[in-house]
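# Secondary and tertiary structure notes
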Amino acid sequence: MTKRKNNRRVPENLPVLIRWRDSYGPTARWQEIDELQPTELVATSVGWIVAKNKDSLVLVPHLIDGNERVAKQGCGEMTIPRRSIIAIHALTKAGTSSQ
């Protein structure tokens, strides 16, 4: 189980939606220091949590199940620091379809 910020748990092996605070910058031009203002961006990412430790987790949006010739693989991984995470939401049961 993956622990959420509000101490609820998200089942493992399910896709999740994560809202998290991202960094912003740098700008492509020179600016006067007095013009600079703090800007926070909130990102939304979707995928599977494939690794985690006390400081961060790894989210992968594309998975290959693998077979007898190819190992299970992921593509597009992103490491997100836990202190940046606002919320984690389980999306659906694995293997089910809305169609």
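Before going into details, it helps to say that this report is about the structure given with it. On a predicted model such as this, the values are computed, not experimentally measured, just so you know.

Definitions and limits used
- Residues numbered from 1 in each chain as written.
- Predicted model: local features only at pLDDT ≥ 70, side-chain atom pairs only at ≥ 80, totals over all residues.
- Heavy atoms only, no water.
- Helix = DSSP H or I, 4+ residues; strand = E, 2+ residues; numbered from the N terminus.
- Buried < 20%, exposed > 50% of the residue type's maximum accessible area, 1.4 Å probe, protein only.
- Contact = heavy atoms within 4.5 Å.
- Pairing = 2+ DSSP bridges.

## Focus: the overall build of the chain
Across its full length, the chain holds zero helices and nine strands. Going residue by residue from the N terminus, the α and β elements of the chain occur as β-β-β-β-β-β-β-β-β. Within the chain, buried positions represent 21% of all 99 residues. Residue pairs in contact within the chain that sit at least 24 positions apart in sequence constitute 55% of those at least 6 positions apart.

## So, the pairing of strand β4 (residues 41-52)
Bridge analysis of strand β3 (residues 16-22) against β4 gives seven bridges, and the strand direction is antiparallel. Bridge assignment links Trp-20 to a residue of β4, and that residue is Ala-43. Across four bridges, the pairing between β4 and strand β5 (residues 56-60) is antiparallel. When the sheet's bridge partners are listed, Ile-49 is paired in β5 with Leu-59.

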